Each structure stands twice: as C-alpha cells, then as structure tokens.
Amino acid sequence: MAQADLSISTTAASRLAVLCVAFINGFVIMSIELLGGRVLAPYFGSSVHVWGSIIAVFMLSLSLGYLWGGRLSLTNPGPNTFIAFFLLAALLCLPIIFFADPVMTQIFLNVEDPRYGSLITAMLLYFAPICVMGMVSPYSVRLLVLSQSESGGVAGMLYFVSTLGSALGTLGTSFYFVMWFEINQVMWGCVAALLACALMIALTLGKQQSGVRT
Amino acid sequence: MMAYTRLSILFLMLAFSVAVSAQREVIHEERSQYRNVLVTEFNGQRCMLFNIHRGDMNQTCIDLRNPQRLVFNYTKMSFAGLLLNPDPDNILVAGLGGGTIPMVMRELFPEATIDVLEVDQAVVNVAKEFFNYEEDQRHQVHVVDARVFIKRAGLQGRQYDYIVLDAFSGEYIPEHLLTLEFLQEVKTLLSDDGVVVANTFASSQLYDYESVTYQAAFGEFYNFKRAGSGNRIIIAMKSELPPQGELRQPARDLYERLLPYDINILEYPALLSTRPDWDESARVLTDQFSPANLLN
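Residues numbered from 1 in each chain as written. Chains lettered and ligands numbered in written order. Predicted model: local features only at pLDDT ≥ 70, side-chain atom pairs only at ≥ 80, totals over all residues. Heavy atoms only, no water.

### Digging into the overall build of chain A
1) Next: From N to C terminus, chain A includes seven helices and zero strands.
2) Next: Along chain A, helices and strands appear, N-terminal first, in the series α-α-α-α-α-α-α.
3) Next: For chain A, the spread of C-alpha atoms along the principal axes amounts to about 60 × 30 × 25 Å.
4) Next: In chain A, which comprises 214 residues, the share counted as buried stands at 48%.
5) Next: Long-range contacts, defined here as pairs at least 24 residues apart, represent 88% of the contacts in chain A between residues at least 6 apart.
6) Next: Only carbon and sulfur atoms are counted for the fraction: they give 72% of the accessible area of chain A, which is about 9700 Å².
7) Next: Where the 7 positive side-chain charges of chain A centre and where its 7 negative ones centre are 15 Å apart. (Helix = DSSP H or I, 4+ residues; strand = E, 2+ residues; numbered from the N terminus. Buried < 20%, exposed > 50% of the residue type's maximum accessible area, 1.4 Å probe, protein only. Contact = heavy atoms within 4.5 Å. Areas by Shrake-Rupley, 256 points an atom, 1.4 Å probe, with all protein chains shown as cover. Lys, Arg positive; Asp, Glu negative; His and termini not counted. Charge placed at Lys NZ, Arg CZ, Asp CG, Glu CD.)

### Here's the deal with the side chain of S137(A)
All names here are of chain A.
1) Next: Within the secondary structure, S137 is located in helix α5 (residues 114–144).
2) Next: On the basis of relative accessible area, S137 is assigned to the buried category, the value being 16%.
3) Next: The residues touching S137, leaving out its near neighbours within four places in the chain, are Y66 and S162.

### Remarks on the packing of helix α6 (residues 180–189) of chain B against helix α7 (residues 206–218) of chain B
Residues and elements named next belong to chain B.
1) Next: Viewed as axis vectors pointing N to C, α6 and α7 meet at an angle of 40°, and their least axial separation amounts to 9 Å. The orientation of α6 with respect to α7, classified from their angle, is oblique. In the packing of α6 onto α7, the handedness of the crossing is right-handed. Contacts from L180, L183 and K187 in α6 reach T213, Y214, A216, A217 and F218 in α7.
2) Next: When the residues that make up the contact of α6 with α7 are grouped by side-chain class, the tally is six nonpolar, one polar and one charged. (Axes fitted to C-alpha atoms, helices over the stretch in contact; angles between N-to-C directions. Parallel < 35°, antiparallel > 145°, perpendicular 65-115°, else oblique. Left-handed = near helix turned anticlockwise from the far one by under 90°. Nonpolar A, V, L, I, M, F, W, Y, C, P; charged D, E, K, R; others polar.)

### Section: the pattern of salt bridges
1) Next: Enumeration over the complete set of coordinates arrives at 18 salt bridges over all chains.
2) Next: Here the salt bridges share partners, and the residues they tie into one network are D63(B), R69(B), K76(B) and D262(B). (Salt bridge = Lys/Arg side-chain N within 4 Å of Asp/Glu carboxyl O.)

### Points about the UniProt feature "transmembrane region" (unreviewed entry) in chain A
All names here are of chain A.
1) Next: Sites flagged by UniProt as "transmembrane region" (unreviewed entry) map to residues 12–36, 48–69, 81–100, 120–145, 157–180 and 186–206.
2) Next: A distance of 36 Å separates the end C-alpha atoms of residues 12–36, which is 100% helix and 0% strand.
3) Next: Taken end to end, residues 81–100 is 95% helix and 0% strand, and its first and last C-alpha atoms sit 28 Å apart. (UniProt positions renumbered as here; feature names shortened; annotations may be inferred.)

### Concerning the nonpolar core
1) Next: Of all hydrophobic cores here, the largest spans 100 residues; its most connected members are I32(A), F82(A), Y126(A), M133(A), I163(B) and L165(B).
2) Next: Those residues in contact with Y126(A) that sit more than four places away from it in its chain are I32(A), G36(A), V39(A), L40(A), V57(A), F58(A), S61(A) and I96(A).
3) Next: Among the nonpolar cores identified, the runner-up in size contains 51 residues, and I101(B), M105(B), A122(B) and L254(B) belong to it. (Core = buried A, V, L, I, M, F, W, Y, C linked by side-chain atoms within 4.5 Å.)

Here you go:
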C-alpha cells in the first residue's frame, strides 16, 4: 500500500461526512450524560456522588471505547463497521428510554447506599451505548488519515470537532432542551441523530467504496 | 448615556455589597461537598449563609438575645399547618438549615418522633455547633437526599402527620423535589389527617408551574402569602381541606403556645386562600419535565 493513500474516505463529501458525524456523536454523548443526572435523580437524588457516578461511568465507557475502536480500525477498516457503530449505539440507547425505571426500581430495592445504587445504575444503562460511541473517534481518524505525516493534524481536527459537539450538546441540553422537551423526547432525538449519522456515512462513504472497487 | 447609567448602577451595587459584607462578621466557614457554609454575626443576629456574594442569602438566622424568637416570616409561617393538625405524633422535616423548625417542634411536641433530612453534612455540623441544634432519642437527622429517604420510607409504609418541605435555597432548586412524582411519594407518607407544609416561591415563572404541580398532586391547597415576603407557604392535606372558618378555633388554642416564638397564629387563618391566583394552564412539572432552575 502506498504511503500516500492510507485513507478510506477520499472524496471531499465523504471527509466532510466523517467530521460531521464526529460532531454529532460528541453532541449526543454529552446530551445523554446531562440527561443521565435527571434520569437517576428520582431514585438516587442529585447529590454530588450521583454526578460522580455518571461522570465516572461515561469516562470509563469512553476510554474503553477509544481502545477497542482503535483496535478495530487496524483490521480491515471500512465504512460498514463505522455504520454499524451508529446503528448499534442507537439500539443500545433504547433501554435508557424503555427500561430505566424498572432497572432503577430493582436497584433501589436492593442497594441501600445511593452512591453504589447510582454507580450500578449508570453502568447498566450507559456503559454499552457510550462505549460504542467512544469507538467512533479513533475509527474516524483511521478513515480520514491520508498519510502518516498528516495523522496528527487529522486527529487534532477530529478532537476539535467532536469536543466542540460535546460542548454544544452540554449547553443545548442544559439551557434549552430540558425546558422544551421531556427527557425521553430528547433521548429519541439522540437516537434519531445516531441513525442519521449511519445514513450519512452509508450515502457518502458506502457509495465511494463501491466506486473504488470497480 | 445608557452605558454611564449602567456603570453607576453597577458601582452602587458594588459599594452596597462591600458595605454589607463589611458590617457582617464571618465567624465560621465550614467546607462542604456542595458549597461553603458560612456563619455570620451582625446586629445581634447569627446567620447561616450558603453564598455571601449575593448580599443577603441567609438560610437561617437566630436572635442571639432572644434565641426562642423566630427571625424569618417563612419559618413562622411553616407552623400554620398546625391549624389543620394541631397535635402531630410523627414529624418529617426535609431541609435542616440551622435546625430552627425541628427544635421548635421538639419543644412544642416533646413526645413526637421527628425525622430531619439534610443532604449536606456540613450544614448539620454548623447547625449543631452554632445554632444549638440537638438530636435526641426520638429526633434524628439523616444525611441523605430527601427524595431517596422519602421514596424508601414510602416503600416501608411509614406515615407522618406533619411534613415540612424546606429544602430549597434561594438560587438553586433541587428539581427532583418539585415534581408530581415526588409530591405523590410525599402524599403516600401522609397519615389520614397528615399535613404537608412547603416553603416555596412567590415570584418568578416558577410560581405557576409549581402551583399546578401541587394542584395535580393534592387537589385544592391553602396558599399562604404575606406582603413583603418573597416566600409563600403551601399547605396541603391527604384528605380534603377543612373550611377556612374552622381554623379559627385551633388558632385560638395554639396562640399562647406559639407566642414565645413570635408566631401570631391568630392572624393566619384569614391569610390562607384556596383561590388560584396563578396561570392554571401552566405545565405540570414531572420527573420527565422539570426545568425549575430555568424558570426561576
């Protein structure tokens, strides 16, 4: 393989699409994290340790997601795995909408200490979807890097875009969304956004790859 | 011109806050998980503050010369629920502050069981050290989020005759203590003639939202406001409210006992109202929709 052509996504549209989904992914992660505090509050309160549980679980999920996403990008990287991340993340968000209350009721009945109650709840509800969303970042780097000499710049750009998305997701959710919508409505918005990401990648990268092959 | 006016207002505010903090002497500062708790003394009053930068954000004050006398109107007003249940055996107070309400309850009802909920250990420490707050065998403070305690107490089938909700500080409102689901959990804790007394807000958009939420949970409630106070007290029961006219006799019976605390309960029945003076089309606050801090 030539050093100059490592990238999977070569057209301008596909590169823009990768940056765009990295932004949305960052936005959705922080939106879900902020709502997490509200999801847990009726059972475990909104004390500092509840936020501690949520933030710790999100950080842990993301860190493992980065690790595994990076590993997956080593073997046969392509748009299909990338699309699968978004579809899987959307699917894994559904239990937060449908099963949060029964899950928390069971934990509330069995764990007296709200610190560990909130930690277990956060693990059960958020570990899987956030872990998958964490895989998006390193994989995006792999899709965009054209050459080794460029990799730092691409990684920087992706961190910039996804963290900017996170910042806006945090502000948007805490300043406006919670006043306009119910928690579950915002969660459905997150699911829709993840599905839109999958579609966007399928339309740009998916087409391009089949074009490259022929 | 506009900018000049604004600048001078800003300057005046600054000068005022400097003057206020100069008169106040901070005698203690307790570090907390949540915010620092300050104890100040000024003009014969000792106060607990959560935030000194905004001028007067006193949580609790005691009169050092006459410790029995209650300083704040809303504290006095929270005893209005006694008109509906004059002899509670089991009392729950959510939000400790300086511990004034539970201490007065202890003096009034020496045989009653009192549970106090306070999320912040630092507040408990300060209340004990500086505000003469004391626990005893039938009076305990639980360092816990009120929602967690109330949910669990409901599952355990506990009942209270008198519940005071006073867990709100001026600038931050715990949103999970202001939802329909929370109030329903509170309602399950009430004994058949149990009363809930909530110290809440009289101003801002939140007034409408909060009123319809209490209405959704309890039906008709007594709304208790006094001129010149930003607070209002909501008094609700599990059962139907007695007519206002029936409150005069309990007021006469309680008058002597409440006088040492500077509570003139004879004035109260006339100030209670069930007439909605809020926008009844406001949206009910729920666990799914609770932007209380954005409405403030």
